[in-house]
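# Examination of the molecular architecture
Next come the chains, spelled out residue by residue.
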Amino acid sequence: MSNRLLAKALTALVLTHVGAATYAQRVVDRGTVIENVTLISPERSTPLLHADVVIRDGRIAEIGTNLVAGPHARRIEGSGRFLIPGLIDSHVHAGHSAALDDDAIDAHPELWAAYRGQVPRAYLAFGFTSIVDLDLAHGDQAWFEGTPLHPHFYSCGGGIKVAGGYMAFNVPSLSSPNFPNLVYEPKEAEHWPKSLDPGSYTAERAASSAADAGAICVKAFVESGFGMFNWPYLHTETLKKIQTATRQRKLVLMVHATSVDSWKSAIDAHVDIIAHGLWVWPGDLGNPVPPQSASSVIAAAARASIYVQPTMQTVAGERAMIDPSLLNDPRITLALPPAVIGYLRSAEGVKASTALLDEYRKASPAPGFESLLGAAVERTRSTFKLMMQDHVSLIFGSDTPGAEGFGNPPGLNGRLELQDWADAGAPLALILRAATLDNATALGLSRDLGSIEIGKRADLLLLKENPLASVSAYDSIETIFLSGEPIARETLRAHN
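Cut-offs applied
- Residues numbered from 1 in each chain as written.
- Predicted model: local features only at pLDDT ≥ 70, side-chain atom pairs only at ≥ 80, totals over all residues.
- Heavy atoms only, no water.
- Phe/Tyr/Trp six-rings, centres within 6.5 Å; stacked < 30°, edge-to-face > 60°.
- Helix = DSSP H or I, 4+ residues; strand = E, 2+ residues; numbered from the N terminus.
- Buried < 20%, exposed > 50% of the residue type's maximum accessible area, 1.4 Å probe, protein only.
- Disulfide = S-S within 2.5 Å.
- Expected span 1.5 Å × (residues − 1).
- Contact = heavy atoms within 4.5 Å.
- pLDDT = per-residue confidence, 0-100.
- Pairing = 2+ DSSP bridges.
- Axes fitted to C-alpha atoms, helices over the stretch in contact; angles between N-to-C directions.

## Some words on the packing of aromatic side chains
As enumerated under the stated definition, the model contains 17 aromatic pairs in all. Each ring, one from Phe396 and one from Trp421, has its centre 5.9 Å from the other, and the planes form 50 degrees; the classification is tilted. With Phe396 in the loop between β17 (393–394) and α15 (412–423) and Trp421 in helix α15, the pair connects residues that are 25 residues apart, well separated along the chain. Considered together, Phe396 and Trp421 belong to a single accessibility category, that of buried residues.

Listed below in structure tokens is the structure:
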């Protein structure tokens, strides 16, 4: 038989046994090829089965079902795996401690160093390839981006605050690197420091300060005291001026708002994102049932197409002060170094946690901290369900760490927030979309992030389980792709 006839015979044999589709495969000889994976991306109505994804120069170069890695390409087997976009946590405070109080940091600088070394890795370990810091402190971005492995870092610059109000109770001197990004609020003039010229602290100045810091957004604080205190705060007219200033600079305006009144103010000012759920309203603090005023303001947010971050875990995480079982969660070792976990379990750590709980108990009105916390947790769930019923535009943010104590650890807190959404009845497709494409769209990042499409940055997650079948699939992350570079999840676990 001639060579030509032999080639035809071999071709016929291959087509008979393995099919024409296999024979038509195209060899990719450059880049990374993830082969034969189930691709799940929020812009697609259904998953793409047996997908092949090609990554070059940190971006998605090709998507098909007939691509194979050649001898000069890196091949990653995707059979039986699920590929999704990297998650975005659009509400973090990267430089805050979620485990160690000031006394512990002063007494044990080695624990603080170990904790800081793990923070960026922890976010990656739980699939968060991009984070947004909503109140950037001096030096935090340089520290975070100076670590060997870290998610992509975005920020809102320094949050806009009122002197004497939430997060600015004590205003340091102008020479302090952490002098807050203040705006003068005429309705709170009595709290304004006499040493500061009100005319120098305008909405325009505050927005420019964020823009100069390379921010993509601005966060303004509208918090009068969580229903228990009476703090100065930004009022609606000032918030409107901030919105005008941020839009002139093409920045997204995010507003800290947790009450019916602060939600109304945010809606009236036409803000872009409400950076919390709703759990504060007039009346009995121990009553978990949302009143009509809460239902009305949620419906108004839906009509106004304002994005909302429910941040349920920022409240739920405070339960760790009462029940420390989170320290027994095996996932905690991806979030905190062994030395920090050991400290929290030690007599010294337990004493510090007990002292914090005692402070909360003393500051809480009747019927007491435990009862009020339980009611607040239930309020976040009930209002979240109302948001889903009214089709509020929900985006994912964890507010990590949202409170004192170890109940909101980096990375893991985001995973717990995903669980909170699922437990409250959120469809799994909605959860994925809120943490990927909708987050990217709300923040003006969808050109690069949020979906698996040609040209976008190759921030991806390879999972063993299907995230559209169970929220527990987010515990099955096998590989994190950061700008196309694969990172085995287990290599991110802290060892010191």
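Now, onward.
## A closer look at the state of the cysteines
Summed over all chains, the structure comprises one disulfide. Across a sulfur-sulfur distance of 2.0 Å, Cys156 and Cys217 are joined as a disulfide pair. Because the torsion about its S-S bond is -95 degrees, the bridge between Cys156 and Cys217 counts as left-handed. In this pair, Cys156 is assigned in the loop between β10 (152–155) and β11 (160–161) and Cys217 in strand β13 (residues 217–221), connecting sequence segments 61 residues apart. We classify Cys217 as buried; its relative accessible area is 0%.

## A closer look at helix α9 (residues 292–303)
The terminal C-alpha atoms of α9, which comprises twelve residues, lie 16 Å apart, in line with the 16 Å expected from a rise of 1.5 Å per residue. For α9, every residue scored as buried is listed here: Ala294, Val297, Ile298, Ala300, Ala301 and Ala302. Against the buried residues of α9 lie α8 (260–268) and α14 (369–389). Positive backbone phi, approximately 55 degrees, marks Ser305, located one or two places after α9.

## Remarks on the confidence of the model for the protein
Any residue range with low pLDDT should be treated as having predicted coordinates unsuitable for detailed reading. Confidence in the prediction of the protein, expressed as mean pLDDT, is 94, and 95% of residues score 70 or more. For the stretch residues 1–23, pLDDT sits under 50, and the model shows six contacts to residues farther than four places along the chain or on other chains.

## Points about the sheet that holds β10
Taken in spatial order, the three strands line up as β8-β9-β10 in an open sheet, and their pairing is parallel. One side of each edge strand has no neighbouring strand; the edge strands of this open sheet are β8 (87–92) and β10. Going from strand to strand, the sheet's axes swing by 20 degrees on average, the running direction of each strand aside. Relative to β10, strand β9 (residues 128–133) runs parallel, the two sharing four bridges. What sits directly across from Asp133, in β10, is Ser155.

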